[in-house]
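Now for the letters of each chain:
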Amino acid sequence: MIDEQALLLVLPILLLQLALMIFALVDLIKNPNPNGPKWMWAAIIVLLNIIGPILYFIIGRRNY
Amino acid sequence: MKQLSTLLLKEWRENVRNYKVFWIPVVFILLGVTEPLSNYYLPQILDAAGGLPDGAVIEFPEPEPEQLLVAVMGQFQTIGMLVLVLAYMGSIAGERRNGTATLLYARPLSFTSYFLSKWMMASLIAMISIWTGFLAGYYYTAVLFSAVPFGDFLLFAITYSLWILLVVTMILFASAAMPSAGLTAALALTVLIIAQLVDGLLGSRWIWSPLKLPNYAAAFLDIGPDGGAFVGAVLLAIICIFGLAAFGIWFSKRNRSKAKV
Amino acid sequence: MNVLEVRALSKRFGTEQAVDRVDFELTEGSATALIGPNGSGKTTTLSMLAGLLESTGGEIQRKKGLSVGFLPQYPRFFPWLTALEFTEMAAKLSGVDPRKARQQAQRTLEFVGLHQVAGKKVGGFSGGMKQRLGLAQAMVHQPSLLLLDEPISSLDPTGRREVMELLKSLLGQTTILYSTHILNDAEEMTDQLLFLRKGRLVEQGSLDQVRSRYADPQIQIRFENTDAAERFVRESPWPATAKGAAAVLPVKAEEPVMQDVFRYLAANGGRVLGVEQETASLEDIFLKVVAEK
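Just so it is clear, the structure is predicted and the values come from calculations on it, not from any experiment.

Asker: Sorry, what's going on with the interface of chain B and chain C here?
Answerer: How big an interface is tends to be expressed through the accessible area that disappears when the partners come together. Each partner contributes to the interface: chain B provides 23 residues, whereas chain C provides 27 residues. Around 2,400 Å² of area is buried between chain B and chain C when both sides are counted, 64% of it from carbon and sulfur atoms. Our count for the contact surface shared by chain B and chain C stands at three salt bridges. With a shortest N-O distance of 3.4 Å, B:Arg256 and C:Glu54 are connected by a salt bridge. The interface formed by chain B and chain C contains seven residue pairs in polar contact (both at pLDDT 80 or more). Taken together, the elements giving at least two residues each to the side of chain B that touches chain C come down to α1 (2-17) and α6 (102-105) of chain B. Counting residues per element, the side of chain B that touches chain C draws most heavily on α1(B), which supplies seven residues. Grouping the constituent residues of the side of chain B that touches chain C by class yields eight nonpolar, seven polar and eight charged.

Asker: I'm lost on the side chain of B:Arg256 in this one. Help?
Answerer: Looking at where B:Arg256 falls in the secondary structure, it is placed in the segment after α11 (227-254). For B:Arg256, the contacting residues outside a window of four places in its chain are B:Tyr105, B:Phe111, C:Gly51, C:Leu52 and C:Glu54.

Asker: Explain the sheet that holds strand β2 (residues 16-27) of chain C here, please?
Answerer: Strands belonging to one sheet form pairs held by backbone hydrogen bonds; the direction of such a pair is parallel or antiparallel. Residues and elements named next belong to chain C. Strands sit in the order β2-β1-β4 across an open sheet of three strands; the sheet is antiparallel. One side of each edge strand has no neighbouring strand; the edge strands of this open sheet are β2 and β4 (57-62). For this sheet, the mean inter-axis angle between neighbouring strands, taken without regard to orientation, is 15 degrees. Sitting on the sheet, helix α1 (residues 42-49) is in contact with β1 (2-13), β2 and β4, with an inclination near 120 degrees to β1.

Asker: Would you explain the packing of helix α8 (residues 150-177) of chain B against helix α9 (residues 181-202) of chain B in this entry?
Answerer: Working note: a packed helix pair is described by the angle between its axes plus the distance between those axes. Residues and elements named next belong to chain B. Axis separation between α8 and α9 bottoms out at 8 Å; the angle between their running directions is 140 degrees. One finds that α8 runs oblique with respect to α9. Two packed elements cross with a definite hand, and for α8 against α9 that hand is right-handed. Contacts from Trp-163, Val-167, Met-170, Ile-171, Ala-174 and Ser-175 of α8 reach α9 at Thr-184, Leu-187, Ala-188, Val-191, Leu-192 and Gln-196.

Asker: I tried to follow helix α5 (residues 157-170) of chain C on my own but got confused; where do I start?
Answerer: One turn of the α-helix equals 3.6 residues, which is why residues spaced by three or four share an orientation. Residue and element names in this part refer to chain C. When the terminal C-alpha atoms of α5 are compared, their 20 Å separation across 14 residues agrees well with the 20 Å that a helix rising 1.5 Å per residue should span. Along α5, the residues classified as buried are Gly-159, Val-163, Met-164, Leu-166, Leu-167 and Leu-170. Summarising the axial view, the buried residues of α5 lie within an arc of 165 degrees, below the 170-degree limit, and thus occupy one face. Every exposed residue of α5 that faces more than 90 degrees away from the buried side is listed here: Pro-157 and Thr-158. Buried residues along α5 sit in contact with α3 (98-111), α4 (127-139), β6 (145-149), β7 (175-180) and α6 (183-188). Downstream of α5 by a residue or two, Gly-172 has a phi angle that is positive, lying close to 105 degrees.

Asker: Explain the nonpolar core here, please?
Answerer: A general feature of soluble globular proteins is that nonpolar side chains tend to end up buried together. Ranked by internal contacts, the top residues of the largest apolar core, which has 177 residues, are B:Trp23, B:Tyr105 and C:Phe195. Of the residues forming this core, the biggest block, 17 residues, is contributed by α8(B). In this structure B:Trp23 touches A:Leu20, A:Ile54, A:Phe57, A:Ile58, B:Asn18, B:Val83 and B:Ala87, once residues within four positions along its chain are discounted. The next biggest cluster of nonpolar side chains, apart from the first, holds 14 residues, and it includes C:Ala229, C:Ala247, C:Val261 and C:Leu265.

Asker: Which parts of the structure should I look at to understand a nonpolar patch on the surface?
Answerer: All names here are of chain A. Taken together, the side chains of Leu-11, Leu-14, Leu-15, Leu-18, Ile-22 and Val-26 make up a nonpolar region of the molecular surface, amounting to roughly 520 Å² of accessible area. Looking at the secondary structure, you find Leu-14 in helix α1 (residues 4-30). Note on Leu-14: relative accessible area 48%, which makes it partly exposed.

Asker: Please clarify how the environment of B:Ala188 should be interpreted in this entry.
Answerer: All names here are of chain B. Within the fold, Ala-188 resides in helix α9. By relative accessible area, Ala-188 is classed as buried at 0%. Excluding residues that lie within four positions of it along the chain, Ala-188 makes contacts with Val-85, Met-170, Ile-171 and Ala-174.

Asker: Honestly, the packing of aromatic side chains in this entry has me stumped. Any pointers?
Answerer: Pairs of aromatic rings are described using the distance from one ring centre to the other and the angle between the two planes. Evaluation of the coordinates by the stated rule reveals 33 aromatic pairs over all chains. Judged by centre distance (5.2 Å) and plane angle (85 degrees), the rings of A:Phe23 and B:Tyr19 are edge-to-face. With one member in each of two chains, A:Phe23 in helix α1 and B:Tyr19 in the loop between α1 and α2 (20-40) form a pair that bridges those chains. With a relative accessible area of 31%, A:Phe23 lands in the partly exposed category. Take B:Tyr19: its relative accessible area is 14%, and that puts it in the buried class. Among the aromatic residues, those joined into a cluster by ring pairs are B:Phe28, B:Phe76, B:Phe134, B:Tyr138, B:Phe150, B:Phe153, B:Phe156 and B:Tyr160. Against the face of B:Tyr88 rests B:Lys20, its NZ or CZ located 4.8 Å from the ring centre.

Here is what the cut-offs are and how they apply
- Residues numbered from 1 in each chain as written.
- Chains lettered and ligands numbered in written order.
- Predicted model: local features only at pLDDT ≥ 70, side-chain atom pairs only at ≥ 80, totals over all residues.
- Heavy atoms only, no water.
- Contact = heavy atoms within 4.5 Å.
- Buried area = accessible area lost by both parts, 1.4 Å probe.
- Salt bridge = Lys/Arg side-chain N within 4 Å of Asp/Glu carboxyl O.
- Polar contact = N/O pair within 3.5 Å; in protein donor to acceptor, adjacent residues only side chain to side chain.
- Helix = DSSP H or I, 4+ residues; strand = E, 2+ residues; numbered from the N terminus.
- Nonpolar A, V, L, I, M, F, W, Y, C, P; charged D, E, K, R; others polar.
- Pairing = 2+ DSSP bridges.
- Axes fitted to C-alpha atoms, helices over the stretch in contact; angles between N-to-C directions.
- Parallel < 35°, antiparallel > 145°, perpendicular 65-115°, else oblique.
- Left-handed = near helix turned anticlockwise from the far one by under 90°.
- Expected span 1.5 Å × (residues − 1).
- Buried < 20%, exposed > 50% of the residue type's maximum accessible area, 1.4 Å probe, protein only.
- Arc of directions from axis to C-beta.
- Core = buried A, V, L, I, M, F, W, Y, C linked by side-chain atoms within 4.5 Å.
- Patch = residues over 30% accessible without salt bridge, like charges linked within 9 Å, V, L, I, M, F, W, Y side chains within 5 Å.
- Areas by Shrake-Rupley, 256 points an atom, 1.4 Å probe, with all protein chains shown as cover.
- Phe/Tyr/Trp six-rings, centres within 6.5 Å; stacked < 30°, edge-to-face > 60°.
- Lys NZ or Arg CZ within 6 Å of the ring centre and 35° of its normal.

Shown next as structure tokens:
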């Protein structure tokens, strides 16, 4: 059912999602003062697809 | 204006180092491709979910590619705008509140350059976001369904860009006028949502309303908007952008004394 | 030559009069210490001079073309900029030629002892490092007036010493107005003292002037032994009291009666080891000023 065309179309999306997650995780690890416990944010970033990293960037990282 | 390049460099570094330059476009790209992808794979998704009883045959009407692009715009109008508001609500109010603005305001700062540097950077990222998002949506629609005439698509995206510039200006105006990031978001969202609602319900004759720009953008994918109404709305939108920016500059200067020392 | 003159400067927040008709002048190249308890209006005064707050009364006259550097009590930085990037930006925004700004920033960071961390992001800086960076951003454009709100109070003793020496080295070319509650330091670097209390300027003058105004009228004359001291108390015409091998006179050193005392001591023999006036420390004066009025 997953044909080659579908793979080619879906793959970039999966890569973008992965990149978003990795960026958020790297930033979380380097962040000395996240807005809440780190393990919680790690779980949110990994478990909530797309929304998790966005929530972290908006709420979790204290943009100052 | 001598300070503008200095402040722009600061804004650029901020947006790169807090990854906004990366993650906001990614969100818009994902919004852009979700619509065509999910429509294309809807039958298989339903099938995989085992939702259909044996023998049931449901005809999925093939969606028009224009409808898909309008649906993408619908995503930008809700989730996309929310993301922009949340990402830039603290631009000025947050800097004032956490005290980082003090060391800027204690200098002979040009508040015009200060406001414009923030406006330009937020606008740049918003433009990158909606264009990459729309182009991704356009490409996926073309591959999975059929291509919308590219000229129509350009007019659609350009018109919507003007609307987003107005939204970004509104956000920065609110951030200059309001005491905190939270109130900025509240003001910007309330104005945008209520104004659109009122315009939608009562404003059928307000043809020059900039709030109709998204509708006019969508119309370019169809038969095109009424020429006079479109030009009027564009001009009014540009006037609103200048007006909001001027008030934003004025407010950011007036509220400088509210910066935490 | 005054770089700044303040006349009847006032600031009202709602019903609270934070600064109340304050007058003073800053002479070029001098150091002025602004002293007062918490909430006495020091930060408000400095904020108005720095142009962060609008005054609600009075006026501030600045020398033509005066450039000002300001260090708030708790300077807050963008954590995502490096120390050098921030200082360079500060220099440019204060009008330093953009081509020279980076070099100027580097030199200033070296001056405050941050050259080794110039390329590090400020987000990881300790409180002391931030205070030094605060000083760097205040002086990077070589302003003729530095306004410093508690520049040393958050530093450890070594850092305090270093920063004091650094500030003292600027005097002459730079006029400094700083607030502090560490009075030992004020004693060390001050041409003028300003005492604020509840927004009002309750005492002002040089350290010596203020000292003599608040010094106890008490002269100690130290003799060789207790006998000599007691004989002076008994026989001299002044109401002295004995205190061990010393006699204590309730007069001030500059009073004319002291002439007679010296003449008497010379005529009546007996070795005098010393005549001293106990100098009041700024801390004592501070307590008196704050308690009075």
